[in-house]
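Each chain is listed here by its residues.
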Amino acid sequence: MERRSIKDTPACAPVSRPDCPDWALRRLRLERLASLMEAESEPVRLFSTMECYPKKRRLALRQEGSPLAIAFKDSIFRLEGLSGDTVGDGVSFFKLSLSEAHELLCDCHYGGVLHFGQPISEQVARRARSLAAKHSFAELRDRVTSWLGRQ
């Protein structure tokens, strides 16, 4: 396996494919977000008490230095259609439920302090990978359909 920096990734690993199902695209995007978080040298800022806002206001939340702001700086994500750094932009682009967005982006899920000195960016990366690994019903349906087609 050859190691590459995030800046070299666009040339060797495109994230978008026209024939890629939504569940696979979500997985690729969340994995890339995790890589961006791991490469981030600046402190990452999480949203605070985002669950307390009404849905419309929650979707409009944005914050400098948040995982979504970091994702929006990425040229690949912008080319793929990430239109901003609000929670609503992140929910639609990464195909997250509001519950998943809350789990990933709100400080209440990180204990309010660093876990044994681990930077928040690494914790967010781990959580993004965990969300990417979840199997959706659509993925299971596609796999079963594919398997039945081979029989």
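Since the structure is predicted, the reported quantities are computational estimates derived from the model, not experimental observations. (Residues numbered from 1 in each chain as written. Predicted model: local features only at pLDDT ≥ 70, side-chain atom pairs only at ≥ 80, totals over all residues. Heavy atoms only, no water.)

(A) How the structure looks around the overall build of the protein chain. Looking only at helices and strands, the protein chain features 9 helices and 0 strands. Sequence-ordered secondary structure for the protein chain, helices as α and strands as β, is α-α-α-α-α-α-α-α-α. Relative to its 151 residues, the protein chain shows a buried fraction of 40%. Taking as baseline every contact in the protein chain between residues at least 6 positions apart, the subset at least 24 positions apart corresponds to 61%. (Helix = DSSP H or I, 4+ residues; strand = E, 2+ residues; numbered from the N terminus. Buried < 20%, exposed > 50% of the residue type's maximum accessible area, 1.4 Å probe, protein only. Contact = heavy atoms within 4.5 Å.)

(B) Region of interest: the state of the cysteines. Using the criterion set out here, one finds 0 disulfides in the structure. Of the cysteine sulfurs around C52, a residue in no disulfide, the closest is that of C106, at 8.0 Å. Cysteine C108 is unpaired, with the sulfur of C106 as its nearest cysteine sulfur at 3.6 Å. We classify C108 as partly exposed; its relative accessible area is 42%. (Disulfide = S-S within 2.5 Å.)

(C) Region of interest: the environment of R127. Here R127 shows up in helix α8 (residues 120–133). A residue is classified by how much of its surface remains accessible, and R127, at 21% relative accessible area, is partly exposed. Put simply, R127 and E103 are 24 residues apart on the chain and 8.2 Å apart in space, counted from C-alpha to C-alpha. Leaving out residues up to four positions away in the same chain, R127 has contacts with E103, L104, H109 and Y110.

(D) Looking closely at the packing of helix α7 (residues 98–105) against α8. It is the contact of α7 with α8, at a shortest axis distance of 9 Å, that shows an interaxial angle of 155°. When the axis of α7 is compared with that of α8, the two are roughly antiparallel. Note on element contacts: α8 touches α7 through V124, R127, A128 and L131, opposite E100, E103 and L104. Taken together, the residues of the contact of α7 with α8 sort by class into 4 nonpolar, no polar and 3 charged. (Axes fitted to C-alpha atoms, helices over the stretch in contact; angles between N-to-C directions. Parallel < 35°, antiparallel > 145°, perpendicular 65-115°, else oblique. Nonpolar A, V, L, I, M, F, W, Y, C, P; charged D, E, K, R; others polar.)

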